[in-house]
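# Working through the structure, step by step
Listed below, chain by chain, are the residues.
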Amino acid sequence: MAPMACLNVCNKGAVDDGKIKQRQEVCTLDGTVDWRGRPAVRERTGTWVAGILILVNQGLATLAFFGVGVNLVLFLTRVLGQDNADAANNVSKWTGTVYLFSLLGAFLSDSYWGRFKTCVIFQAIFIIGLISLSLSSYLFLLKPSGCGNEQSHCGSHSSFQIALFYFSTYLIALGNGGYQPNIATFGSDQFDEEDSIEGYSKIAFFSYFYLAWNLGSLFSNTILGYFENDGMWAIGFWASAGSATLALVLFLCGTPMYRHFEPKGNPLSRFSQVVVAATRKWKVEMMPSGEDLFELEGNECSTNVDRKILHTQGFRFLDRAALITSKEFNQMDKDTQNPWHLCTVTQVEEVKCILRLLPIWLCTILYSVVFTQMASLFVEQGAAMKTTLSSFHIPPASMSSFDILSVAAFIFIYRRVLDPLVAMKTNNAKGLTELQRMGIGLVIAILAMVAAGVVESFRLHYATTECTHCEGSSSLSIFWQVPQYILIGASEVFMYVGQLEFFNGQAPDGLKSFGSALCMTSISLGNYVSSLLVTIVMRFSATDDMPGWIPGNLNKGHLDRFYFLLAALTTADLMVYIVCAKWYKYIKFEGKNGVNNGNEHPELRV
């Protein structure tokens, strides 16, 4: 009967023959509430009904975002007249800013607004930015009429018009960036991990979330990409604005069925309290066992109470924040406890958890450098190849469709074939751990860069050096890019899905959105590092007879060497990652159904 000890029952009044009776409904055990602030009833809230609505919202919002982002590098070169290196840098900076804003969205969500309110506000900002971009492009930038395609580039623009364009795009970055980490975490909130079936569904949700993200971009990369590559930019931008609006409307329709976690307050103050309290006691002797550390007593079956985190070894200096001195013992009263003098073990472990996550997070940044090439240099490389199949023109940006198809295929292969096979061979119900999957993602990313470098070497061999606009200047077919796109897609399934599960699962209860934001911020810094790397390479590779590895005319450069450089840097990053992964200690929660190690899940598979 032990597993049933924490069955959470809600009593609801019902009228029958003039008498008030009580009917019992099972509520969630993880402390979630419904939209009115009452304990969430398991049967009437959350699970896949709400989850699927959130997945549809994510797919439509992603369609809107990539309707701008996937061809932005071509918009900058054809409409605004920037060269390839500047356009690639500006796209990297913009994309980096998108995901950097995820930290802002996560902070507001975890601290004050909650995930639902944060998602609604930032989606509204996202829509305003898309409408502004559509209007500015139609009224000012696409002049003379019909410009912006492969043959006809647009004229010059005023400073005001350029400023309005950047204001609109960075408003889109703010809206989408603040929304992304919260929608991922809000979707996982719809599954009670204290329940064996819903607990595994929560893990499965992240795979389907990433699949929805990719399927949403499939339409952008094909249909919208085709229109925009043909110069019909305004149509593409207006379609994105309509998709984002529909996404928000559908999201609001699910309001009564969502489960919510209430915000836990400013995490910065909690972290500061641990550091200050530990510093105050830096001379106090500690027991090696940690038995003299302070933790609040609480009813393990109570609702709306965060799970306690069990004490772990390491960062022992921080343990002093929870050390009970003789003076504090004599004055012990949990109602008057001063957190600047005495913190709980759970509060100390929150800080330890974030410190342990940082080395793993840092090792994922270089992978994001590889990933961001798909939206910049892969597109420019494809534009310089043969882009026709019979009489049909293939937009270079649409080649990322192979990446999306690869993601869909490898999610199925992983969840239905590889994961069960590994689980059977290792007698581990979970199969590959998140850290193992992220390492595999790095290995596949190295192979992708080697493949891209080899393709570029052959492209140069079949290229015409002297050309004004070098689009289509090589006789090598653009379909030779398919292997590098497929490899990037496979690496995403292992790296990014693994990251979402890892950072969300290992983050403390009050920092779940921050956990998802770490994954987004990794992409952000990857874009900034990519921009910096391109700048450094261009400076040191330029000589009197060669304008650098990535010039405006790729046929006079050596983009292949840049890809091989990325492969070498990612290999070094993999070595560091292996060391960090072996050092990492998983968080251990004291759940309402016992101890949850944070990396173990039920055997039931969805």
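Bear in mind the structure is a predicted one, so any value in this text is a computation, not a measurement.

What follows is about the overall build of the protein. When you go through the protein residue by residue, the secondary structure sums to 17 helices and seven strands. The burial tally for the protein puts 57% of its 606 residues in the buried class. Taking contacts inside the protein between residues at least 6 apart in sequence as the whole, the part at least 24 apart equals 80%. About 24,900 Å² of surface is accessible on the protein, with carbon and sulfur atoms providing 64% of the total.

This structure, assessed with the given rule, holds 12 salt bridges. Ionic pairing is found between aspartate 192 and arginine 42, a salt bridge with its closest N-O pair at 3.2 Å. Of this pair, aspartate 192 sits in the loop between helix H5 (159-188) and helix H6 (196-229) while arginine 42 is found in the loop between strand S2 (19-26) and helix H1 (47-69), placing the two residues 150 residues apart along the sequence. Two residues, glutamate 350 and arginine 270, come together in a salt bridge whose shortest N-O distance is 3.2 Å. Of this pair, glutamate 350 sits in helix H11 (residues 345-372) while arginine 270 sits in helix H8 (residues 267-280), placing them 80 residues apart in sequence. The pair formed by glutamate 350 and arginine 270 is uniform in burial state, with each residue classed as buried.

Okay, the packing of H11 against helix H15 (residues 482-506) next. Contact geometry of H11 with H15 gives a least axis separation of 12 Å together with a crossing angle of 160°. By the criterion of interaxial angle, the relationship of H11 to H15 is roughly antiparallel. By crossing handedness, the relation of H11 to H15 is classed as left-handed. In contact with Cys353, Leu357, Ile360, Trp361, Thr364, Tyr367, Ser368, Val370 and Phe371 of H11, H15 contributes Ile488, Ser491, Glu492, Met495, Tyr496, Gln499, Phe502, Phe503 and Gln506. Taken together, the residues of the contact of H11 with H15 sort by class into 12 nonpolar, five polar and one charged.

Residues Ile131, Leu135, Tyr138, Leu139 and Trp238 make up a contiguous nonpolar surface patch of about 490 Å² in total accessible area. Ranked by residue count, the leading element in the nonpolar patch is helix H4 (residues 115-141), at four residues. Position of isoleucine 131 among the secondary structure elements: in helix H4.

This part covers the nonpolar core. Residues Phe75, Phe502, Ile550 and Phe562 are the most contacted members of the largest nonpolar core, which totals 136 residues. When residues of this core are assigned to domains, at least three fall in each of domain 1 (26-263) and domain 3 (353-588). Apart from the residues within four sequence positions on either side, phenylalanine 502 is in contact with Leu357, Ile360, Glu434, Leu435, Met438, Tyr584 and Tyr586. Ranked by size, the runner-up nonpolar core spans 13 residues in total, among them Ala277, Met286, Cys343 and Val351.

Bringing the confidence of the model for the protein into the picture now. Taken over all residues, the pLDDT of the protein has a mean of 83, while the share at 70 or more is 87%. Ranking the helices and strands of the protein by mean pLDDT puts helix H17 (residues 559-583) first, with 94, and strand S7 (residues 594-596) last, with 51. Across residues 1-7 the pLDDT falls below 50, and counting only partners more than four positions away or on other chains, this stretch makes nine contacts in the model. In this model, residues 299-305 is a region of pLDDT below 50 whose contacts with residues beyond four sequence positions or in other chains number 10 contacts.

Moving on to empty space enclosed by the protein. The probe, sized like a water molecule, is rolled over the atoms to show the empty space still left. Counted according to the given criterion, the structure contains eight cavities of 30 Å³ or more. Taken as a whole, the largest cavity holds about 310 Å³ of empty space. Lining the largest cavity are 25 residues, with Phe66, Trp213, Phe371, Met374 and Ala375 sitting closest to its centre. Elements with a contribution of two residues or more to the lining of the largest cavity: H1, helix H3 (84-113), H6, H11, helix H13 (401-426) and H15. Grouping the amino acids of the lining of the largest cavity by side-chain chemistry returns 15 nonpolar, eight polar and two charged. Each of domain 1 (26-263) and domain 3 (353-588) accounts for three or more of the residues forming the lining of the largest cavity.

With that settled, the discussion passes to the packing of H11 against helix H14 (residues 434-461). Taken N-terminus to C-terminus, the directions of H11 and H14 make an angle of 30°; their axes are 10 Å apart at the nearest point. Classified by the angle between their axes, H11 and H14 sit roughly parallel to one another. Here the hand of the crossing between H11 and H14 comes out left-handed. Where H11 abuts H14, its residues Ile360, Thr364, Tyr367 and Val370 lie against Leu435, Met438, Gly441, Leu442, Ala445 and Met449. When its residues are assigned to classes, the contact of H11 with H14 shows eight nonpolar, two polar and no charged.

A separate point is the environment of aspartate 560. One can find aspartate 560 in helix H17. Sequence-wise, aspartate 560 and phenylalanine 458 are 102 residues apart; in three dimensions their C-alpha atoms are separated by 9.4 Å. Look past the residues within four positions of aspartate 560 in its chain and what remains in contact with it is Gly453, Glu456, Ser457 and Leu460.

Our next topic: the packing of aromatic side chains. The geometry of two aromatic rings is summed up by the distance between their centres and the angle between their planes. Using the criterion set out here, one finds 36 aromatic pairs in the structure. Between tryptophan 113 and phenylalanine 122 the ring centres are 6.4 Å apart and the planes differ by 45°, which places this aromatic pair in the tilted class. Phenylalanine 122 gets classed as buried once you look at its relative accessible area, which sits at 3%. Between phenylalanine 116 and phenylalanine 251, the aromatic rings sit 5.3 Å apart at their centres with planes inclined by 25°, giving stacked as the arrangement. Taken together, the positions of phenylalanine 116 in helix H4 and phenylalanine 251 in helix H7 (residues 233-253) put the pair 135 residues apart, joining distant regions of the chain.

This paragraph deals with the environment of leucine 55. Considering the arrangement of structural elements, one finds leucine 55 in helix H1. The spatial distance from the C-alpha of leucine 55 to the C-alpha of phenylalanine 206 is 9.9 Å, given a sequence separation of 151 residues. Leave out the neighbours within four places in its chain, and leucine 55 touches Trp48, Phe205, Tyr208, Phe209 and Ala212.

Let us look at unusual backbone geometry. At threonine 47, a position not held by glycine, the phi torsion is positive, near 55°. With respect to the helices and strands, threonine 47 occurs in helix H1. With a relative accessible area of 24%, threonine 47 lands in the partly exposed category. Within the chain, phenylalanine 315 stands out as a residue other than glycine whose phi angle is a positive 50°. Tracing the backbone shows phenylalanine 315 in the loop between strand S3 (308-309) and helix H9 (316-319).

About the thresholds
Residues numbered from 1 in each chain as written. Predicted model: local features only at pLDDT ≥ 70, side-chain atom pairs only at ≥ 80, totals over all residues. Heavy atoms only, no water. Helix = DSSP H or I, 4+ residues; strand = E, 2+ residues; numbered from the N terminus. Buried < 20%, exposed > 50% of the residue type's maximum accessible area, 1.4 Å probe, protein only. Contact = heavy atoms within 4.5 Å. Areas by Shrake-Rupley, 256 points an atom, 1.4 Å probe, with all protein chains shown as cover. Salt bridge = Lys/Arg side-chain N within 4 Å of Asp/Glu carboxyl O. Axes fitted to C-alpha atoms, helices over the stretch in contact; angles between N-to-C directions. Parallel < 35°, antiparallel > 145°, perpendicular 65-115°, else oblique. Left-handed = near helix turned anticlockwise from the far one by under 90°. Nonpolar A, V, L, I, M, F, W, Y, C, P; charged D, E, K, R; others polar. Patch = residues over 30% accessible without salt bridge, like charges linked within 9 Å, V, L, I, M, F, W, Y side chains within 5 Å. Core = buried A, V, L, I, M, F, W, Y, C linked by side-chain atoms within 4.5 Å. Domains from an automatic or database assignment. pLDDT = per-residue confidence, 0-100. 1 Å grid on protein atoms, 1.4 Å probe; cavity = no way out; pocket = protein on both sides within 12 Å on 5 of 7 lines; lining within 4 Å. Points joined across faces, edges and corners; volume = space filled by probe spheres on them. Phe/Tyr/Trp six-rings, centres within 6.5 Å; stacked < 30°, edge-to-face > 60°.

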